[in-house]
Amino acid sequence: MNILLDFDDVLSDTFAELERREGPATDFSVEDLRVMFPGIDLRKYMESLDFHREIPPVPGAAEGVNWIIARGHKVRYASARSPDVQKVSLEWLRERGFPPVPLHCLGRDGKKELLRADPYDLLIDDQMRYLNIAREQGRRAIALDRRWNGSWDGDRIVTWEDIKSAF
Ligand SMILES: [Mg+2]
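Residues numbered from 1 in each chain as written. Predicted model: local features only at pLDDT ≥ 70, side-chain atom pairs only at ≥ 80, totals over all residues.

1. Some points on the sheet that holds strand β6 (residues 155-157)
Spatially, β3-β2-β1-β4-β5-β6 is the arrangement adopted by the six strands of the open sheet, whose pairing is parallel. In the strand order of this sheet, the two ends are held by β3 (103-105) and β6, each with one partner. Neighbouring strand axes in the sheet, compared pairwise and without regard to direction, differ in orientation by 25° on average. Across three bridges, the pairing between strand β1 (residues 2-5) and strand β4 (residues 122-125) is parallel. Each bridged residue has a counterpart across the sheet, and for L5 the counterpart in β4 is I124. (Pairing = 2+ DSSP bridges. Helix = DSSP H or I, 4+ residues; strand = E, 2+ residues; numbered from the N terminus. Axes fitted to C-alpha atoms, helices over the stretch in contact; angles between N-to-C directions.)

Set out below in structure tokens:
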């Protein structure tokens, strides 16, 4: 299979790092960090190379990605991160034992375009805006369980340890 993996909150525990710094988010009704963290200047995080360096990995993610590749699948990372953090993101992946497969940091619109145009078979993501595009394109879409994707009615893994049963 040709597989696209999201980055934030699939490989990196970005939301957990934001909560560690800013306190708990309260509103998960909308998949939008500006709603979850009202009154916070999110740009200071999204543009900060140090913030991106310090985000912890999601437990089991590197092992899970390595397992997928060992099974013979083709994997790429498809992120809505800005191209400005591509380099620091590649360093982060390498330092945490993730396989060195291509990383696309495309911004939100660029990621949507990729999901509509690319001939992938499977997307693993945490955000329903992207999972829904994959579904519309007739691709398989698996959600990694997060507080904001509870209404996703498609396939779901609770943790990366579940990835083997999802294949
Ligand atoms: Mg994500």
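2. Quick look at the domain arrangement of the protein
Once the domains are mapped, the protein shows domain 1 (2-13 + 57-166) and domain 2 (16-50). Spacing between the C-alpha centres of domain 1 and domain 2 amounts to 20 Å. At the interface, nine residues of domain 1 touch six residues of domain 2. Split by residue class, the side of domain 1 that touches domain 2 holds four nonpolar, two polar and three charged. (Domains from an automatic or database assignment. Contact = placed C-beta atoms within 7 Å. Nonpolar A, V, L, I, M, F, W, Y, C, P; charged D, E, K, R; others polar.)

3. Some thoughts on unusual backbone geometry
Phi at D9 is positive, roughly 70°, even though this residue is not glycine. With respect to the helices and strands, D9 occurs in the loop between β1 and α1 (14-22). Taking the number of C-beta atoms within 10 Å as the measure of exposure, D9 has 19 and is therefore partly exposed. (Buried ≥ 20, exposed ≤ 12 C-beta atoms within 10 Å, placed from the backbone.)

4. Looking at the nonpolar core
Residues I3, L5, V10, L11, L123, I124 and L131 are the most contacted members of the largest nonpolar core, which totals 34 residues. If you list the elements that add at least two residues to this core, you get β1, α5 (61-70), β2 (74-79), α6 (86-95), β3, β4, α8 (128-136) and β5 (140-144). If sequence neighbours within four positions are ignored, L11 has contacts with L5, P57, V58, A61 and F98. (Core = buried A, V, L, I, M, F, W, Y, C linked by C-beta atoms within 7 Å.)

5. Focus: the packing of helix α7 (residues 107-117) against α8
Relative orientation of the contacting elements α7 and α8 amounts to 20°, with a least axis distance of 8 Å. As judged from the angle between their axes, α7 and α8 are roughly parallel. Considering only the axes of α7 and α8, their crossing is right-handed. Across from K111, K112, L115 and R116 in α7, the residues of α8 making contact are Y130, I133 and A134. A per-class count over the contact of α7 with α8 returns four nonpolar, no polar and three charged. (Parallel < 35°, antiparallel > 145°, perpendicular 65-115°, else oblique. Left-handed = near helix turned anticlockwise from the far one by under 90°.)

6. Here's the deal with the pairing of β1
Note that β1 and β2 share four bridges and pair parallel. Paired with I3 across the bridge in β2 is V75.

7. Describing the pairing of β4
Taking every second residue as pointing to the same face, both faces of β4 are buried, with L122 and I124 on one and L123 and D125 on the other. Sheet topology places β4 next to β5; four bridges connect them, and they run parallel. When the sheet's bridge partners are listed, L122 is paired in β5 with R140. In this fold, the crossover linking β4 to β5 by way of α8 has right-handed handedness. (Right-handed = clockwise from strand over helix to strand, strands pointing away.)

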